[in-house]
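Coordinate analysis (summary)
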Amino acid sequence: MEKGTKLRCQRIGCEAMFTEDDNPEDSCRYHDAPIFHDGMKEWSCCKQRNHDFSLFLTLPGCKVGKHTTEKPLTTAVKKPTPPPVAAKAKTDVPKIDCSRCRQGFFCSDHDSQPSSMNAQTLKPCVTPPEKSNEDVNKSSTVSAKRVIDLNAPQTCRNKGCGKTFKEKDNHAEACEYHPGPAVFHDRLRGWKCCDIHVKEFDEFMNIPPCTKGWHNADPVS
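Residues numbered from 1 in each chain as written. Predicted model: local features only at pLDDT ≥ 70, side-chain atom pairs only at ≥ 80, totals over all residues. Heavy atoms only, no water.

Regarding the pattern of salt bridges
Taken as a whole and judged by the stated rule, the model has four salt bridges. Between D32 and K63 there is a salt bridge, with the nearest N and O atoms lying 2.7 Å from each other. With D32 in the loop between β3 (28-30) and β4 (34-37) and K63 in strand β7 (residues 63-65), this pair connects stretches of sequence that are 31 residues apart. A relative accessible area of 29% means that D32 is categorised as partly exposed. Note that E42 is salt-bridged to R49, the shortest N-O span being 2.5 Å. Note on R49: relative accessible area 45%, which makes it partly exposed. Here the salt bridges do not stand alone but share partners, grouping E42, K47 and R49 into one network. (Salt bridge = Lys/Arg side-chain N within 4 Å of Asp/Glu carboxyl O. Helix = DSSP H or I, 4+ residues; strand = E, 2+ residues; numbered from the N terminus. Buried < 20%, exposed > 50% of the residue type's maximum accessible area, 1.4 Å probe, protein only.)

As structure tokens, this is what we get:
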């Protein structure tokens, strides 16, 4: 080869003309092998990417070296296929400690059914019949006979709480909860009380409660 003959660099991203006499260490800027995956083109060396192949080839090289006439390996490197996701195993969390179960939501881990409060429902407006004095007296008698152990652990049924409490420690700001109702609409889940809506159910369960009040161990109707 004659001295001073112009040669074309074969590195990907360079292809400049050079001579053997004029080829310093930092004269060439180039890329390593490309990665093609799901229609995206990406350089394995610097993670620069583009969907358009012509624009992909114009991305500036990230490596520096000498020009060379040796053709590099240009076989596209494919990203490894991720292993199939195994079926979700049932959690080891006991049902009594599961926040979904405690609040009455559907739980696939414990095969529990959702409560009637999971979504808004409209009921016909019906005027309740007037109670007679006899019915009122009976109701008062039943209520008077209810005995609560102040030291007995109870589970709060307020939505967003589900904590265990004792009646002796209960007070007007003991519970943080959502007065609701829960709203499920167009793949969004949220609470009408604080107007927050998310897509994933786990995100919905983690929406911070917006109201404080007394713990309530009575099931929500």
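Focus on the nonpolar core
In this structure, A182, W191, V198, F201, F204, M205 and I207 together form the largest nonpolar core, which totals seven residues. If one sorts the elements of this core by residue count, helix α4 (residues 201-205) sits on top with three residues. (Core = buried A, V, L, I, M, F, W, Y, C linked by side-chain atoms within 4.5 Å.)

Points about the packing of aromatic side chains
Each aromatic ring pair is specified by the distance between its two centres and by the angle formed by the two planes. Going through the model one piece at a time under the given rule, you end up with eight aromatic pairs. Plain terms: the ring middles of W43 and F56 are 4.4 Å apart, the flat faces sit at 15 degrees to each other, and that makes the pair stacked. Highlighted residues: W43 in strand β5 (residues 40-43) and F56 in helix α1 (residues 53-57), separated in sequence by 13 residues. Residues W43 and F56 agree in their burial class; the two are buried. Centre to centre, the rings of F201 and F204 are 5.5 Å apart; their planes meet at 50 degrees, and the pair counts as tilted. Of this pair, F201 and F204 both sit in helix α4, three residues apart, roughly one helical turn. Take F201 and F204: they sit in the same class, and that class is buried. These aromatic residues form a ring-pair network of at least three members: F36, W43, F53 and F56. The aromatic ring of Y30 is capped on one face by R11, whose charged end is 4.2 Å from the ring centroid. (Phe/Tyr/Trp six-rings, centres within 6.5 Å; stacked < 30°, edge-to-face > 60°. Lys NZ or Arg CZ within 6 Å of the ring centre and 35° of its normal.)

Regarding the pairing of strand β12 (residues 188-191)
Direction of pairing for strand β11 (residues 182-185) relative to β12: antiparallel, over a ladder of four bridges. If you follow H185 over to β12, its bridge partner there is L188. Between β11 and β12, which pair antiparallel in sequence order, lie two residues; one of them, D186, sits at a positive phi of approximately 50 degrees. Relative to strand β13 (residues 196-198), β12 is paired through three bridges, and the arrangement is antiparallel. Bridge pairing links R189 to V198 in β13. (Pairing = 2+ DSSP bridges.)

Observations concerning unusual backbone geometry
That bond from G180 to P181 is cis: its omega, 0 degrees, falls within 30 degrees of zero. Its location among the elements puts P181 in the loop between β10 (175-177) and β11. One non-glycine residue with positive phi stands out, namely D195, at about 55 degrees. Its place among the elements puts D195 in the loop between β12 and β13.

These values are about where atoms sit, not about what they do.
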